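Listed here are the chains, written in short residue letters.
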Amino acid sequence: MSEAVVGVDPAAVTRWLRALGIECAPPLRFDRIGLGQSNLTYLVGDEAGRRWVLRRPPLGHLLASAHDVAREARIMSALESTAVPCPRILGVVDDPAVSEVALVLMEYVDGQVVDTMAVARSLTPHHRRAIAESLPRTLAQIHAVDLGAVGLTDLASHKPYAQRQLKRWGGQWEQSRTRELPELDELTRRLVATAPQQQEITLVHGDFHLRNVITSPSTGEVVAALDWELSTLGDPLADMGSLLAYWAEPGEDIGGDFPASTLPGFPNRAEMSAAYLALTGRDPAALRYWHAFGLWKLAVIAEGVLRRALDTPQNRAAAGTPTIERIDAIVHKALAVTEES
């Protein structure tokens, strides 16, 4: 089996597609796509030119509750009847005869993914702004989902979201840390001490940013939100805070290899915040907390990616591996945000 198809049995997947009633013309091709370093994603193609997308958990040791692709598929299936742009789920399998881990098959959504600086630079400033303006609108759609109507009321706990997340990601840090980092420990203490009271419970995407959406090449509008594995129920402002955490501004060093939002045309964080708050009427003061929280979570995730890449080099993706220097810069920025608020 070639490295490009590591973790997938082409013959077994072909049989599975046929069992689902999906017409396909073998041999199927499997090409690793996306720059994500968590669940592995493949573009599946057949001899007739048909295309699908296949997802599976990463290789190697997995932390408890992480990388649950079947749960991710449940969420995406529930959103099929809503205004949220999302790929359609075609099948889920958890059968050792097909794969040693769960697999999810979904429709292929055509469009543009702005996931490299080359793509971002190829866009006009006008098109960059159109994409950026669509991001808060899409988040507002996600946060407006009627949980009861789509059957997601029991997706996660309804207990205070900030405390749940602080416990979860604090635990992930302890399991995946590669070193001591006193600044992160101080940041964690600040976030615990200043957590805002929960005002509402909505669907939360959990990892919403520019690289995790497909956009229209003509209008810039988001046509599909991707990577729902961290989705849960909680405070909607957490999603906007996470988007801001990824949204570097000129002169900052938190963007790693992808400071796309620093290019002309992309609005600054204040403009992105204002757009979301105007759509939803939510609390700007609480959003500052969730911006710092988003940076904290981003640092924890990056450390986990670093740990997985060190432990299992096959999990490395085209985006490269986060550096210790970038993780430290994210933590430093988060501390600065907590001081400002």
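As shown above, the structure is provided for reference.
Residues numbered from 1 in each chain as written. Predicted model: local features only at pLDDT ≥ 70, side-chain atom pairs only at ≥ 80, totals over all residues. Heavy atoms only, no water.

Novice: Would you mind showing me how to read the overall build of the protein here?
Specialist: Across its full length, the protein holds 11 helices and nine strands. Here the protein has a C-alpha radius of gyration of 20 Å; the compact-globule value for 341 residues is 20 Å, and the two agree. With the C-alpha coordinates of the protein rotated into their principal frame, the extents come out at 60 × 45 × 40 Å. Relative to its 341 residues, the protein shows a buried fraction of 54%. Long-range contacts, defined as pairs at least 24 residues apart, comprise 71% of the intrachain contacts of the protein with a sequence gap of at least 6. Here the protein has roughly 14,600 Å² of accessible surface; of this, 53% comes from carbon and sulfur atoms. Looking at the protein, you have 33 positive and 42 negative side-chain charges, and the mean spots of the two groups are 1 Å apart. (Helix = DSSP H or I, 4+ residues; strand = E, 2+ residues; numbered from the N terminus. Rg over C-alpha atoms; globule rule 2.2 N^0.38 Å. Buried < 20%, exposed > 50% of the residue type's maximum accessible area, 1.4 Å probe, protein only. Contact = heavy atoms within 4.5 Å. Areas by Shrake-Rupley, 256 points an atom, 1.4 Å probe, with all protein chains shown as cover. Lys, Arg positive; Asp, Glu negative; His and termini not counted. Charge placed at Lys NZ, Arg CZ, Asp CG, Glu CD.)

Novice: Is there a simple way to explain the packing of helix H7 (residues 182–193) against helix H11 (residues 324–340) in this structure?
Specialist: Angle between the axes and distance between the axes: these two values describe a pair of packed helices. Where H7 meets H11, the axes come as close as 10 Å, and the angle between the chain directions of the two elements is 35°. As H7 packs across H11, the resulting crossing turns out to be left-handed. Contacts between H7 and H11 pair Glu183, Leu184, Glu186, Leu187 and Arg190 from the former with Asp328, Val331, His332, Ala334, Leu335, Thr338 and Glu339 from the latter. Residues of the contact of H7 with H11, tallied by class, amount to five nonpolar, two polar and five charged. (Axes fitted to C-alpha atoms, helices over the stretch in contact; angles between N-to-C directions. Left-handed = near helix turned anticlockwise from the far one by under 90°. Nonpolar A, V, L, I, M, F, W, Y, C, P; charged D, E, K, R; others polar.)

Novice: Before we go on, may I ask you to explain the side chain of threonine 232 in this structure?
Specialist: Its place among the elements puts threonine 232 in strand S9 (residues 232–234). Using a relative accessible area of 8% as the deciding quantity, one classes threonine 232 as buried. At 3.2 Å, the side chain of threonine 232 and the side chain of arginine 164 are in polar contact. Leaving out residues up to four positions away in the same chain, threonine 232 has contacts with Arg71, Leu155, Ala156, Tyr161, Arg164, Gln165, Thr202, Leu203 and Val204. (Polar contact = N/O pair within 3.5 Å; in protein donor to acceptor, adjacent residues only side chain to side chain.)

Novice: Would you explain the nonpolar core in this entry?
Specialist: Across soluble globular proteins, you tend to see nonpolar side chains buried next to one another. Ranked by internal contacts, the top residues of the largest apolar core, which has 82 residues, are Leu135, Leu203, Trp228 and Trp296. The leading source of residues in this core is helix H10 (residues 284–311), at 13 residues. When near neighbours in sequence (up to four residues on either side) are disregarded, tryptophan 228 contacts Glu72, Ile75, Met76, Leu79, Val84, Cys86, Ile142, Leu203 and His205. Grouped together as the second largest cluster of nonpolar side chains are 21 residues, Ile22, Leu40, Val93 and Val98 included. (Core = buried A, V, L, I, M, F, W, Y, C linked by side-chain atoms within 4.5 Å.)

Novice: Hey, could you run me through the pairing of strand S5 (residues 103–107) in this one?
Specialist: Moving residue by residue along a regular strand, the side chains alternate between the two faces of the sheet. Within S5, four of the five residues are buried, which leaves the element mostly enclosed by the surrounding structure. Alignment of strand S3 (residues 51–56) against S5, held across four bridges, turns out to be antiparallel. Within the sheet, the bridge partner assigned to tryptophan 52 lies in S5 and is glutamate 107. Relative to S5, strand S4 (residues 89–93) is paired through four bridges, and the arrangement is antiparallel. Paired with valine 93 across the bridge in S5 is leucine 103. (Pairing = 2+ DSSP bridges.)

Novice: Please clarify how the environment of alanine 309 should be interpreted in this entry.
Specialist: Here alanine 309 is to be found in helix H10. Each C-alpha atom, one on alanine 309 and one on proline 322, is 9.5 Å from the other, the two residues being 13 residues apart in sequence.

Novice: Help me understand the pattern of salt bridges in this model?
Specialist: Think of it this way: side chains of opposite charge can pair up when their charged atoms draw near. For the structure on display, the rule yields 23 salt bridges. With its nearest N and O atoms 3.8 Å apart, the salt bridge here joins arginine 129 to glutamate 133. Here arginine 129 pairs with glutamate 133, and both are found in helix H4 (residues 125–143), just four residues apart, close to one helical turn. On the basis of relative accessibility, which here comes to 39%, the residue glutamate 133 falls in the partly exposed class. Note that aspartate 328 and arginine 179 form a salt bridge whose closest N and O atoms lie 3.0 Å from each other. Here arginine 179 lies in the loop between helix H6 (161–176) and H7 and aspartate 328 lies in helix H11, a separation of 149 residues in the sequence. Aspartate 328 gets classed as partly exposed once you look at its relative accessible area, which sits at 27%. (Salt bridge = Lys/Arg side-chain N within 4 Å of Asp/Glu carboxyl O.)

Novice: Please clarify how unusual backbone geometry should be interpreted in this entry.
Specialist: The phi angle of most residues is negative, glycine excepted, and most peptide bonds adopt the trans form. That bond from proline 26 to proline 27 is cis: its omega, 5°, falls within 30 degrees of zero. Relative to the helices and strands, proline 27 is located in the loop between helix H1 (10–19) and strand S1 (29–32). Even without a glycine there, the phi angle at aspartate 227 is positive, about 55°. Among the structural elements, aspartate 227 can be located in the loop between strand S8 (222–225) and S9. By relative accessible area, aspartate 227 is classed as partly exposed at 22%.

Novice: Even after reading the chapter, I still don't get the packing of aromatic side chains, so can you show me in this structure?
Specialist: For any pair of aromatic rings, geometry is given as the distance between the ring centres together with the angle between the planes. Applying the stated criterion across every chain yields a total of six aromatic pairs. Seen from their ring centres, tyrosine 161 and tryptophan 290 are 5.7 Å apart, and the 40° between their planes marks the pair as tilted. One end of the pair, tyrosine 161, is in helix H6; the other, tryptophan 290, is in helix H10, and 129 residues separate them in sequence. Residue class for tyrosine 161 comes out buried when judged on its relative accessible area of 2%. Plain terms: the ring middles of tryptophan 290 and phenylalanine 293 are 5.0 Å apart, the flat faces sit at 65° to each other, and that makes the pair edge-to-face. Of this pair, tryptophan 290 and phenylalanine 293 are both found in helix H10, three residues apart, which corresponds to roughly one turn of the helix. The structure contains a cluster of three or more aromatic residues connected by ring pairs, namely Tyr161, Tyr289, Trp290, Phe293 and Trp296. (Phe/Tyr/Trp six-rings, centres within 6.5 Å; stacked < 30°, edge-to-face > 60°.)

In short, geometric facts, not functional conclusions.
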